[in-house]
Amino acid sequence: MANLDQIFSTEVHKAEKPEDVVVRQASTAPLLVFMVLVAILVGLFKFPPLLDYANHYARMWLLAGGIKEAPFPEIYTIEWNRTFTNVGIDLIARFIGPVIGVSLLARTLLFLAIVLPPLGAIVLHRRLFGGSYYWQIGMLYLAWCATLIGGFINFQIGLGLALLFATVDHRLQSGSVVRLFLWRVAVSLLLTVVHIFSVGFFLAIVCGLEFSWRFDVLTSRTAVLRLADRLAAAMIACLLPPLALALTAADLPGSHAGSILAAWNDGPVLLVFNLLSAIWTYVALVDVIFLVPILLVCSRAIAAKNMRIHAGLAITTAGLLVLSILSPRHAFGTGWISWRFPIMAALVGMVMICPFQKVGRRQAIILFLALNIVVFGRTAWIGFNWWRGQADIASVEEVLEDVPAGAAILPLQHDPAFAEIKLDQRHYAFIEDTFRHLPTLAVPLAHAFVPTLFSAQGKQPLAVLPSWSDRSVPEGNLFSTGVLSCPGLMAEAASFTPYLVDWRSKFDFILVVNADAVDQNVGDAMPAGTRLLKDAGFARLYGIDRNATAALDAVPISCPDSFHS
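This section reports on the structure supplied with the text. (Residues numbered from 1 in each chain as written. Predicted model: local features only at pLDDT ≥ 70, side-chain atom pairs only at ≥ 80, totals over all residues. Heavy atoms only, no water.)

Spatial ordering of the open sheet is given by 4-8-10-9, a layout of four strands whose pairing is mixed. Every other strand in the sheet has two partners, leaving strand 4 (409–413) and strand 9 (530–535) as the edge strands with one partner each. Adjacent strand axes in the sheet meet at a mean angle of 25° when their direction is disregarded. Note: strand 8 (residues 509–513) against strand 10 (residues 539–544), five bridges, orientation antiparallel. Note on strand 10: the bridge partner recorded for phenylalanine 509 is glycine 543. Here helix 17 (residues 361–400) sits on the sheet and contacts strand 4, strand 8, strand 9 and strand 10; the angle it forms with strand 10, its principal contact strand, is near 25°. (Pairing = 2+ DSSP bridges. Helix = DSSP H or I, 4+ residues; strand = E, 2+ residues; numbered from the N terminus. Axes fitted to C-alpha atoms, helices over the stretch in contact; angles between N-to-C directions. Contact = heavy atoms within 4.5 Å.)

Take the pattern of salt bridges next. Inspection of every chain in the model, using the stated rule, returns 17 salt bridges. Salt-bridge contacts for arginine 471 lead to aspartate 470; the nearest nitrogen and oxygen are separated by 3.9 Å. With a relative accessible area of 38%, aspartate 470 lands in the partly exposed category. What you see here is one network of salt bridges that share partners, running through Asp169, Arg184, Glu210 and Arg230. (Salt bridge = Lys/Arg side-chain N within 4 Å of Asp/Glu carboxyl O. Buried < 20%, exposed > 50% of the residue type's maximum accessible area, 1.4 Å probe, protein only.)

In total, this model carries one disulfide according to the counting rule given. The disulfide bridge from cysteine 486 ends at cysteine 559, spanning 1.9 Å between sulfur atoms. Between cysteine 486 and cysteine 559, the S-S torsion sits near -75°, and that sign places the bridge as left-handed. Pair noted here: cysteine 486 is in the loop between strand 7 (462–464) and helix 19 (487–494) and cysteine 559 is in the segment after strand 10, with a separation of 73 residues, a long-range link. The same class applies to cysteine 486 as to cysteine 559, namely buried. Lacking any disulfide linkage, cysteine 238 is separated from the closest cysteine sulfur, that of cysteine 207, by 7.2 Å. Distance from the sulfur of cysteine 298, which forms no disulfide, to the nearest cysteine sulfur (cysteine 354) is 11 Å. (Disulfide = S-S within 2.5 Å.)

Turning to the packing of aromatic side chains, a few remarks are in order. Following the criterion strictly, the structure yields 23 aromatic pairs and no others. Relative to phenylalanine 72, the ring of tryptophan 61 lies with its centre 5.7 Å away and its plane at 80°, an arrangement referred to as edge-to-face. Taken together, the positions of tryptophan 61 in helix 3 (residues 53–63) and phenylalanine 72 in the loop between helix 3 and strand 1 (76–78) put the pair 11 residues apart, joining distant regions of the chain. The class of phenylalanine 72 is buried, set by a relative accessible area of 0%. Judged by centre distance (6.3 Å) and plane angle (35°), the ring pair of tyrosine 76 and phenylalanine 449 falls under tilted. Remark: phenylalanine 449 occurs in the loop between helix 18 (442–446) and strand 7 and tyrosine 76 occurs in strand 1; sequence separation between them is 373 residues. Just as tyrosine 76 is buried, phenylalanine 449 falls in that class too. Clustering of aromatic rings is evident, with ring pairs tying together Trp61, Phe72, Tyr76, Phe449 and Trp468. Over the ring of tryptophan 213 we find arginine 308, and its NZ or CZ is 4.6 Å from the ring centre. Sitting above the plane of the phenylalanine 155 ring, arginine 340 keeps its charged end 5.2 Å from the centroid. (Phe/Tyr/Trp six-rings, centres within 6.5 Å; stacked < 30°, edge-to-face > 60°. Lys NZ or Arg CZ within 6 Å of the ring centre and 35° of its normal.)

A few words now on the packing of helix 6 (residues 102–129) against helix 16 (residues 340–352). Interaxial distance between helix 6 and helix 16 falls to 9 Å at its minimum, and their mutual angle equals 30°. When the axis of helix 6 is compared with that of helix 16, the two are roughly parallel. Crossing of helix 6 against helix 16: the hand is right-handed. In this structure, helix 6 uses Pro117, Pro118, Ala121, Leu124, His125, Leu128 and Phe129 to contact helix 16, whose residues at the interface are Leu347, Met350, Val351 and Met352. A breakdown of the residues in the contact of helix 6 with helix 16 according to their chemical character gives 10 nonpolar, one polar and no charged. (Parallel < 35°, antiparallel > 145°, perpendicular 65-115°, else oblique. Left-handed = near helix turned anticlockwise from the far one by under 90°. Nonpolar A, V, L, I, M, F, W, Y, C, P; charged D, E, K, R; others polar.)

Within the secondary structure layout, methionine 490 lies in helix 19. For the pair methionine 490 and phenylalanine 479, spaced 11 residues apart in sequence, the C-alpha separation works out to 9.6 Å. Residues within four places of methionine 490 in sequence aside, it is in contact with Val483, Leu484, Leu500 and Trp503.

The next subject is the pairing of strand 10. The buried fraction of strand 10 is high, at six of six residues. In this structure, strand 9 lies alongside strand 10, joined through five bridges in antiparallel fashion. Following the sheet pairing, leucine 532 is matched in strand 10 by tyrosine 542. The turn joining strand 9 and strand 10, which pair antiparallel and follow one another in sequence, is formed by three residues; a positive phi near 85° is taken by glycine 537.

Among the secondary structure elements, serine 188 is positioned in helix 10 (residues 177–194). Here serine 188 falls in the buried class, since its relative accessible area comes to 0%. Within the structure, the side chain of serine 188 is placed 2.4 Å from the backbone oxygen of cysteine 238, a separation counted as a polar contact. (Polar contact = N/O pair within 3.5 Å; in protein donor to acceptor, adjacent residues only side chain to side chain.)

Given 3.6 residues to a turn, an α-helix orients residues that are three or four positions apart in the same direction. Between its first and last C-alpha, helix 12 (residues 221–248) extends 40 Å over 28 residues, near the 40 Å set by a 1.5 Å rise per residue. At leucine 240, helix 12 is bent by approximately 35°, the largest bend along its length, and proline proline 241 sits one to four residues beyond. Within the sequence span of helix 12, burial applies to Leu227, Arg230, Leu231, Ala234, Ala237, Cys238, Pro241 and Pro242. Where helix 12 is buried, its residues touch helix 10 and helix 11 (196–211). (Expected span 1.5 Å × (residues − 1). Bend = angle between axes of the 7 residues up to and from the residue.)

On to the environment of arginine 230. Tracing the backbone through its elements, the reader meets arginine 230 in helix 12. Relative accessible area serves as the criterion here: at 17%, arginine 230 is assigned to the buried category. Between the C-alpha atom of arginine 230 and that of glutamine 173, which follows or precedes it by 57 residues, the distance is 9.6 Å. If near-sequence neighbours (up to four positions away) are discounted, arginine 230 is found in contact with Gln173, Leu180, Arg184 and Glu210.

The next point concerns unusual backbone geometry. Of note, the bond from alanine 70 into proline 71 is cis; its omega dihedral lies within 30 degrees of zero at 5°. Within the fold, proline 71 resides in the loop between helix 3 and strand 1. The phi dihedral of histidine 447 falls on the positive side, at around 55°, and the residue is not glycine. Here histidine 447 shows up in the loop between helix 18 and strand 7. Relative accessible area serves as the criterion here: at 19%, histidine 447 is assigned to the buried category.

Pasting the structure below:
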């Protein structure tokens, strides 16, 4: 560490030999190797431990033609007028899925969700700083973040597209004003369809690029007025399409929630956790360890006065950090809103700086090795977690083999106590689980119904037909198996998950995931009228006797009055 400190604290212009200063920094080869490794990972692991991914896969399977197979024509319908945004992968599934198959399509979209954000950042950085630099290798670190592990596929793809389009926008800013305005309208329309947050991200980057390299633009009244005109034109062009679509849409995102239902990061711990979402994957300590060399590069570059900064993008980064702090975690039926801004700020923050534009040979070697170790070490760590998660996938697939087509499955989980939560691929961002939507794989794999398939008005074109709407929710969670035995838990859950009411008459099977952990409410206890059909470790399948009635004295003494916070 002392040697690294000594190398990076040496100013470049003090090098004794001119040839030690001019070192060509090439980042293309590491980028290509990274893309190959990601392609291998998504090719090897069909269902990696990413929270929403299985749910998206099941929906794409239906949109690509699976909805025509029994029993789904009697359960679902497709209504494209239900939403105007967040449908990028849905449209691709509808038109390309039948051609190449959903398995290849889903892998391709996941590959893009991983690669596009850092790739877009690298392309924009090369545009701004005039070429390839080793710093761009470090941007690949941000391929892995909480929104990616959360399976926010549309959002991730939208981030990458926004950065790539911003690169083109920067080139067009010196040309025709009319052409630039029309370009921004077209980009905004496309990004609105992909994901509404990507429009705001594109606008934020564009405004930063319009500002200037330096703050001295603010010293001239004429320059300030010109800047204000250009920023106003950018805002109008970018906001026109989403506003027009919102005013004419039948349903807005979050309309299914019926109210704001906001939850905030109202404490320092929650705020820190929220900011960490920019880098957080399965184990925070590992993520931070791999971040340290990147922070060290920045600190040494500042100390050596070998850092260039784009003033406009610095303002954009600051604004995104403010939004990270002020935004609610959940609102209008949409989860983890505040998670969207830290990764935006991190991407723009890495684009706005260029440490060590000029380096000596020794500096170049250390810089190259340090950033490659960070990127590929972290990618190997992710791959290790994906490999460990395949046993859980195999367990779910095994129990689904015993489910007949047309069956209705009630998904539940074993909810372990906080102290029993393990640091592994089943959880990310501290205590969030990655297995919540694995039961939705019953749709493509067993042709069975699951109540938690994404079908929210304003977000997805998939709708549940009225005859099945009483046993489904547009966006669902997994409850503890204790909800079936504990009156207090049932009363609390049924208030917003009506399919739990009279569950014996609505479902044929119960699929329990995380079953090899001890449920903190009832342990392994199950209510009367359920029979274990298959135990595959992580997943268990129970049959439901619809004629059974709940015994009044069958409430376990361990039942709590409400869910654990």
